[in-house]
Amino acid sequence: MRDFSFNLQFTQFSISTTTPSPPPPPPPAPMSPPPPVPTPPPPSNSSENTSQLEAPPIAEEKQEAEIKTVVNRHIGLEEYLKPPSMTHDMSDEELLWRASMSPKIQTFPFNRVPKVAFMFLTRGPVFMAPLWEKFFKGHEGFYSIYVHSNPSYNGSQPESPAFEGRRIPSQAVGWGKVSMIAAERRLLANALLDISNQRFVLLSEACIPLFNFNTVYNYLINSKKNYVMAYDDPSTVGRGRYNPRMMPVVTIEQWRKGSQWFEMNRDLAVEVVSDRKYFPVFQEHCRGACYSDEHYLPTLVSIEFWEGNSNRTLTWVDWSKGGPHPTRFWRTDVTIDLLKSLRNNTGCVYNDNSTDLCFLFARKFLPAALDRLLRFAPKIMQFDK
């Protein structure tokens, strides 16, 4: 109010300069000094108060350090090529899209050790895992393992070290249905995410190796061909399964049959997961008694990639008894003579040369046969070499 009164008086004095001058106003009363600024209380010696005062600077410094770490982090090629976790949450569409990426430059700007991807399509656990453990032992870094089991399997059976944490996100699979092809493509896609995987072999829980790791690895890595069995079967279980609605994408002359147990190189694997022409046709028109798992890959490969295919499988199966399923081997069936006979074949072609080494794997061995396989196989198949 003192300031306001003073200004008002001054204004009145300025306006009234044209009129007779009144007596000079009395001098304003001296203004009292402003109240003293309160002095903050001295800091408390309490540790609680001290921590509260010091906390903000520490939090700010920590946040600044984290920001600098993110900004200065170098994302090199190794980090870029690192495969995602096996328990990723990508949809099939996202997974296949990512797996379809393939570098056009064939030489790698880093030291790449080619690996073999062993892909197991199972209902539940890999019953032959103890035997495969002996096969893989000592060869870490030269192989990868992927397991597609039924989603209903709860993992109640303990996993052996080589198979621990190797189950991929899966979906239900029906025998002979298109869902089985989808599972094979899902396995291939997950394996393709590791740039080091060069060869891809499909196996089941009933498969066993017939040779040691070095023999299998060198056979696959050095091969010039893919191994997808494909042949024209004019019978009712061959051409008789063809659906004319597949025309014009697939004609009956192009229709092929073969074993679902394949082995292929990286280039063909990329083509399979990238297929948007033939797979939808099989989804739509190969149902029921069509048994798409025996026809999709043989037909696709024969039409588009026949020049690089051997037209044979590397997995031995006994169909001599006939019927829709191959012979199953029980405990008493496993003998030294049987295992030796599986290793000695009548002859085939490998890299344009004749050879007696035609099958690398065999099926269909039941869980009860495991103990005798563990007793005979390591020595016969020379797993220690």
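Higher on the page you've got the structure.
These numbers come from a predicted model, not from an experiment.

Q: Whenever I open this one, the packing of aromatic side chains confuses me. Can you help?
A: The relative placement of two aromatic rings is captured by the distance of their centres and the angle of their planes. What the rule picks out here adds up to 28 aromatic pairs. Each ring, one from F135 and one from F383, has its centre 6.0 Å from the other, and the planes form 75°; the classification is edge-to-face. Taken together, the residues span a long stretch of sequence, with F135 in helix α5 (residues 129-136) and F383 in the segment after α12 (370-380) at a distance of 248 residues. F383 matches F135 in its accessibility class, with the two residues each being buried.

Q: Teacher, can you tell me more about the packing of helix α6 (residues 178-192) against helix α8 (residues 266-274) here?
A: Two measures define how a pair of helices packs: the angle their axes make with one another and the distance between the axes. Direction vectors running N to C along α6 and α8 enclose 125°, while the axes themselves pass 9 Å from each other. In terms of orientation, α6 and α8 fall into the oblique class. Two packed elements cross with a definite hand, and for α6 against α8 that hand is left-handed. Side by side, α6 and α8 meet where R185, L188, A189 and L192 of the first sit next to R266, A269, V270, V272 and V273 of the second. For the contact of α6 with α8, the class distribution of residues is seven nonpolar, no polar and two charged.

Q: Help me out: how do you make sense of the layout of surface pockets in this one?
A: A water-sized probe, rolled over the atoms, reveals where empty space remains. Put simply, the largest pocket is a space of about 990 Å³. Lining the largest pocket are 44 residues, and of these W175, Q260, W261, P326 and R363 lie nearest its centre. For the lining of the largest pocket, a count of residues per class yields 20 nonpolar, 15 polar and nine charged. Its volume calculated, the second largest pocket comes out at about 480 Å³. Lining the second largest pocket are 18 residues, and of these Y80, L81, M101, P103 and I195 sit closest to its centre. Those elements giving two or more residues to the lining of the second largest pocket turn out to be α3 (77-81) and α4 (92-99). With three residues, the top contributor of residues to the lining of the second largest pocket is α3. Each residue belonging to the lining of the second largest pocket can be placed in one class, and the counts come to 13 nonpolar, two polar and three charged.

Q: In this structure, what is going on with the pairing of strand β1 (residues 115-121)? I would like to understand it.
A: When a strand is regular, its side chains alternate between the sheet's two faces. Within β1, seven of the seven residues are buried, leaving the element largely enclosed by the surrounding structure. The two faces of β1 match: K115, A117, M119 and L121 on one face and V116, F118 and F120 on the other face are all buried. Two elements, β1 and strand β3 (residues 197-204), share seven bridges in a ladder whose sense is parallel. By the bridge assignment, M119 is partnered in β3 with L202.

Parameters at a glance
Residues numbered from 1 in each chain as written. Predicted model: local features only at pLDDT ≥ 70, side-chain atom pairs only at ≥ 80, totals over all residues. Heavy atoms only, no water. Phe/Tyr/Trp six-rings, centres within 6.5 Å; stacked < 30°, edge-to-face > 60°. Helix = DSSP H or I, 4+ residues; strand = E, 2+ residues; numbered from the N terminus. Buried < 20%, exposed > 50% of the residue type's maximum accessible area, 1.4 Å probe, protein only. Axes fitted to C-alpha atoms, helices over the stretch in contact; angles between N-to-C directions. Parallel < 35°, antiparallel > 145°, perpendicular 65-115°, else oblique. Left-handed = near helix turned anticlockwise from the far one by under 90°. Contact = heavy atoms within 4.5 Å. Nonpolar A, V, L, I, M, F, W, Y, C, P; charged D, E, K, R; others polar. 1 Å grid on protein atoms, 1.4 Å probe; cavity = no way out; pocket = protein on both sides within 12 Å on 5 of 7 lines; lining within 4 Å. Points joined across faces, edges and corners; volume = space filled by probe spheres on them. Pairing = 2+ DSSP bridges.

Such coordinate-based values are descriptive only and should not be taken to indicate function.
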